[in-house]
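# Chains, contacts and geometry: an overview
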Amino acid sequence: MKIFLPLILAALLAPLSALAMGPWRDACTGLTPCEIGARSYHVLPPDGWDGETAMPVLLHFHGWQRQGTLIVRHQRIASATRRRGVLLVAPNGMNRSWDFRRAGSPDVAFARAVLEEVRETWPVIDEQIYVSGYSWGSNMAWRFACEDGEDIAALLAISGTLPQSVDCPTAPVEVRQVYGLNDEVLNFPFGPGGDTEYPVALWRAKMGCGAGRVQRHWNARDFLTFQRTTWACDTGRVSLDIHPGGHFIPHGWIARQLDEMMDLPLSYP
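Residues numbered from 1 in each chain as written. Predicted model: local features only at pLDDT ≥ 70, side-chain atom pairs only at ≥ 80, totals over all residues. Heavy atoms only, no water.

What follows covers the overall build of the protein chain. Within the protein chain one finds 7 helices and 11 strands. In terms of overall dimensions, the protein chain is globule-like: its C-alpha atoms have a radius of gyration of 20 Å, near the 18 Å expected for 269 residues. Dimensions of the protein chain along its principal axes, counting C-alpha atoms only, are 85 × 40 × 35 Å. Taken across its 269 residues, the protein chain has 52% of its residues classed as buried. Where the 24 positive side-chain charges of the protein chain centre and where its 28 negative ones centre are 6 Å apart. (Helix = DSSP H or I, 4+ residues; strand = E, 2+ residues; numbered from the N terminus. Rg over C-alpha atoms; globule rule 2.2 N^0.38 Å. Buried < 20%, exposed > 50% of the residue type's maximum accessible area, 1.4 Å probe, protein only. Lys, Arg positive; Asp, Glu negative; His and termini not counted. Charge placed at Lys NZ, Arg CZ, Asp CG, Glu CD.)

Listed below in structure tokens is the structure:
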């Protein structure tokens, strides 16, 4: 009996061990796409993850003619999530693009399906679901937050918006937008009289924001300085970072937003 006791105990404990590991153990990661219906997405866990601790999630929409394979390798996106314990999720757009111009876009339903599958597969912190995007991906992130953003902690939008007249049934808890004043791809959306606060006018109105406060300028790299304006609102918070550059993901911007929202020491990258 003593001989078989260790085997019996191992057999009894094996299901518990497998349960602790969770379904993520066999999940697709990195450059391997996760299939969902006829479509796919990519997932990248953070560095040094212990396999059990619940993680914040950054759902990032790629730019035009890109795919999630770029996102999970991107220095200014993946490097930020990997170092901060954040699970990076990168959906793949149909024909390498997004349907963001109209209400009822099937890409909103697709992104929701991806998010729910990730929740079922990985241990995540539901209160820390962040949605991001760059360029057309930023437009898509706006569309998602606009139509299905009730459980989204923050929208991190880079060089792209929707028209400020769009009707948004939902809104995230927080909106963080960055835009270059000399963007010649998706031109900076100046408001009447050259108003530089206009890129977040929609959210300020919907969330009941008061007057904006100009914060201390900041930068992650010496060659690019951001002017930040923030708004305290009835139902959340809005911030806008503008810079003198063009159409790109600024060095350190995503990292800075994650550090601030997660109460981490500010660092780069």
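Our focus in this paragraph is the state of the cysteines. What we call a disulfide is simply a covalent bond connecting the sulfur atoms of a pair of cysteines. Inspection of every chain in the model, using the stated rule, returns 3 disulfides. A sulfur-sulfur distance of 2.2 Å marks the disulfide that ties Cys-146 to Cys-168. As the torsion about the S-S bond is roughly -110°, the Cys-146-Cys-168 disulfide counts as left-handed. With Cys-146 in helix 5 (residues 136-148) and Cys-168 in the loop between strand 6 (154-158) and strand 7 (174-180), this residue pair connects regions lying 22 residues apart in the sequence. Grouping residues by exposure puts Cys-146 and Cys-168 together as buried. Each sulfur in the disulfide pair Cys-209 and Cys-233 lies 2.0 Å from the other. (Disulfide = S-S within 2.5 Å.)

It is the contact of helix 4 (residues 106-121) with helix 5, at a shortest axis distance of 10 Å, that shows an interaxial angle of 80°. On the basis of the axis angle, helix 4 is roughly perpendicular to helix 5. Together, Asp-107, Val-108, Ala-111 and Arg-112 of helix 4 and Met-140, Arg-143, Phe-144, Glu-147 and Asp-148 of helix 5 make up the contact between the two elements. Within the contact of helix 4 with helix 5, the residues separate by chemical class into 4 nonpolar, no polar and 5 charged. (Axes fitted to C-alpha atoms, helices over the stretch in contact; angles between N-to-C directions. Parallel < 35°, antiparallel > 145°, perpendicular 65-115°, else oblique. Contact = heavy atoms within 4.5 Å. Nonpolar A, V, L, I, M, F, W, Y, C, P; charged D, E, K, R; others polar.)

On inspection of all chains with the given rule, the structure shows 11 aromatic pairs. With a centroid separation of 5.4 Å and an interplanar angle of 75°, the aromatic rings of Phe-100 and Trp-136 are classed as edge-to-face. You can see Phe-100 sitting in the loop between strand 4 (87-91) and helix 4 and its partner Trp-136 sitting in helix 5, a full 36 residues away along the chain. Phe-100 gets classed as buried once you look at its relative accessible area, which sits at 6%. Between Trp-218 and Phe-226, the ring centres sit 4.4 Å apart and the planes meet at 20°, which makes this aromatic pair stacked. Like Trp-218, the residue Phe-226 is buried in the burial classification. (Phe/Tyr/Trp six-rings, centres within 6.5 Å; stacked < 30°, edge-to-face > 60°.)

On to the pattern of salt bridges, then. Within the structure shown, the criterion is met by 17 salt bridges. The closest approach of N and O atoms between Asp-99 and Arg-102, which form a salt bridge, is 2.7 Å. One salt bridge connects Asp-151 with Arg-112, and the closest N-O pair in it is separated by 2.8 Å. Here the residue Asp-151 occupies a position in the loop between helix 5 and strand 6, and Arg-112 occupies one in helix 4, the gap between them amounting to 39 residues. Through salt bridges with shared partners, one network takes in Glu-174, Arg-176, Arg-228, Arg-237, Asp-241, Arg-256 and Glu-260. (Salt bridge = Lys/Arg side-chain N within 4 Å of Asp/Glu carboxyl O.)

What follows concerns the pairing of strand 7. Buried residues dominate strand 7, accounting for 7 of its 7 residues. Neither face of strand 7 is left uncovered, since the one carrying Glu-174, Arg-176, Val-178 and Gly-180 and the one carrying Val-175, Gln-177 and Tyr-179 both have all their residues buried. Looking at chain direction, strand 6 and strand 7 are connected through 5 bridges and run parallel. Bridge pairing in strand 7 places Leu-155 opposite Val-175. (Pairing = 2+ DSSP bridges.)

Its place among the elements puts Pro-250 in the loop between strand 11 (237-243) and helix 7 (253-261). On the accessibility criterion, Pro-250 (1% relative accessible area) is buried.

The biggest cluster of nonpolar side chains holds 49 residues, and the ones touching the most others in it are Phe-61, Leu-87, Trp-122, Trp-203 and Val-238. Not counting residues within four places of it along the chain, the set of residues in contact with Val-238 comprises Val-175, Val-200, Trp-203, Arg-204, Met-207, Cys-209, Thr-229, Thr-230, Trp-231 and Cys-233. Of all hydrophobic cores here, the second largest spans 27 residues; its members include Leu-58, Phe-226, Met-261 and Met-262. (Core = buried A, V, L, I, M, F, W, Y, C linked by side-chain atoms within 4.5 Å.)

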